Structures are given as C-alpha cells and as structure tokens.
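One-letter residues, chain by chain:
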Amino acid sequence: MKTLLFLFGSISLSISVFGQGWQRTNGPYGGDVFAFFKDSNDIFTGSVAGIFHSNNEGDSWQHVFETDTVFDIKSHANLILAGSESDLYISNDNGVTWNISNNGLNGEQVYTIESDGNNIFIGTSMGVYKSINNGVTWNYSSVGIPNTKINDFEIFGSDIYCATNNGLYKSSNNGLTWSLLNSLPTPYYSSGQLTRNP
C-alpha cells in the first residue's frame with residue numbers, strides 16, 4: 001500500500017464537518033493555544049501560559065503547569081513530554097508534576113516531539129536532539145541538517161522525515177544522519193507541518 005506524505009505551510013482553514021461546525025470549549029482562555037494531546041479521557045493543551053488539563057472532554061480545565069509558551073505535547077511510554085520556548089519538561093504522573101529535562105540541551109526552544117520505540121526526537125531552534133533513555137540525557141542528532149529551526153517529524157517504518165526552515169530531510173538510520181529531499185520548489189523550503197495518508 002502506498003503511503004502519501006503531505007507538507008503543510010502557514011495556511012489556516014476553517015472547516016465544518018458534516019454541518020456540525022465548531023464549538024468553543026469552556027477554556028482554556030487567555031492566549032494562543034499551540035499544542036493538543038489526548039490520551040484516553042485526558043486532554044492536555046500547550047499555550048502561551050503553559051499547560052492546561054481537562055478530564056471531561058473540555059467542559060472544564062485546570063492550569064496544571066505555568067511556564068513560558070508550550071509548542072508541543074506528546075507521550076512516550078508512561079511519560080508526557082512538553083516542549084517550550086526555553087526548556088523540555090517531562091511528567092511521569094499524568095501531568096500532575098513536571099520536571100525539566102535538559103541534560104545535553106543548550107537552552108534552545110523545543111518546537112516538536114516524536115517518539116519511536118526507545119527513541120525520542122525533539123526539534124529545536126537549532127536542530128534535532130535524540131534520547132534513548134526516556135529523556136534523562138539528550139544528544140545532538142542533526143548531521144546533514146544545518147543549524148535551523150525544526151518544525152515537525154513523521155515516522156514511516158524505518159524512515160524519519162523532518163520538516164525544517166531549510167527544507168524537508170529524511171533519515172533512514174534512527175536520526176544518525178539526514179539527507180535533504182530536493183523535490184520541493186524553493187519557495188516551500190520553509191517547511192511547516194507533516195502528515196500522511198494512512
């Protein structure tokens with residue numbers, strides 16, 4: 001079965017599904033929301049005010065962690081990871097408490113998070129970092145990618161795709177090295193979000 005990879009830039013769409021439209025949730029209020037993560041009955045959002053949590057489908061929200069802007073929230077094993085404009089945070093108790101995980105990082109902004117097996121990848125303002133020990137330590141893993149902002153990851157089998165401000169890159173060796181995919185025209189090299197047709 002053929003897999004299709006889609007690349008999204010800075011295009012905003014308003015969509016009505018089956019005539020249902022959209023409904024505003026009862027919060028979180030107070031600023032832009034950048035990240036959304038759902039696990040069973042729990043919803044976490046990342047915003048300019050930190051992390052909010054709902055356990056009732058968005059009917060009410062708790063401000064569980066106050067920090068700077070949170071750009072992405074993902075899970076790995078029994079952990080929840082949140083990337084912000086100053087640090088990476090990890091929770092091992094379903095978002096009740098959060099701890100900084102920056103051993104090996106250099107204070108870059110963390111824009112995107114992805115995990116595959118034992119590997120966790122984060123995209124920062126200066127490249128890719130990888131952890132193989134649940135975020136205890138991080139190693140720079142951007143060989144082949146210039147120092148640039150990482151916007152998104154997608155994993156297909158043994159291949160990892162990475163959307164950057166300098167184009168779309170691919171790794172076939174768990175992020176040890178990356179190669180630029182030259183099929184995008186120059187105006188679209190400032191790559192945004194990746195997704196795929198299952």
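What counts as what
Residues numbered from 1 in each chain as written. Predicted model: local features only at pLDDT ≥ 70, side-chain atom pairs only at ≥ 80, totals over all residues. Heavy atoms only, no water. Helix = DSSP H or I, 4+ residues; strand = E, 2+ residues; numbered from the N terminus. Buried < 20%, exposed > 50% of the residue type's maximum accessible area, 1.4 Å probe, protein only. Contact = heavy atoms within 4.5 Å. Phe/Tyr/Trp six-rings, centres within 6.5 Å; stacked < 30°, edge-to-face > 60°. Pairing = 2+ DSSP bridges.

Caption draft 1: Seen up close, the overall build of the protein. Along the protein, the regular secondary structure elements total 0 helices and 18 strands. Per-residue burial over the protein gives 43% buried out of 198 residues. Sequence-distant contacts, at least 24 apart, represent 39% of the contacts inside the protein between residues at least 6 apart.

Caption draft 2: Expanded view of the packing of aromatic side chains. For the coordinates displayed, the defined rule picks out 8 aromatic pairs. Both rings, one in Phe121 and one in Phe153, keep their centres 6.2 Å apart while their planes meet at 45°; by these two values the pair is tilted. Here Phe121, found in strand S11 (residues 119-124), pairs with Phe153, found in strand S14 (residues 150-156); they are 32 residues apart in sequence, far enough to count as distant. Here Phe121 falls in the buried class, since its relative accessible area comes to 0%. Its relative accessible area of 1% is what places Phe153 among the buried residues. Between the aromatic rings of Phe156 and Tyr161, the centroid separation amounts to 5.1 Å while the plane-to-plane angle is 70°, which identifies the pairing as edge-to-face. Assessed through its relative accessible area of 14%, Tyr161 is described here as buried. A connected cluster of aromatic rings, assembled from ring pairs, spans Phe34, Phe71 and Tyr111.

Caption draft 3: Representation of the pairing of strand S16 (residues 167-171). In terms of burial, S16 is a largely internal element, 4 of the 5 residues being buried. Note: strand S15 (residues 159-164) against S16, 5 bridges, orientation antiparallel. From the neighbouring strand, Ile160 faces S16, where its bridge partner is Ser171. With antiparallel pairing between neighbouring strands as the criterion, S15 and S16 make up a hairpin whose turn holds 2 residues. Pairing analysis gives 3 bridges linking S16 to strand S17 (residues 179-181), with the strands arranged antiparallel. Within S17, the position partnered with Leu168 by the bridge is Leu181.

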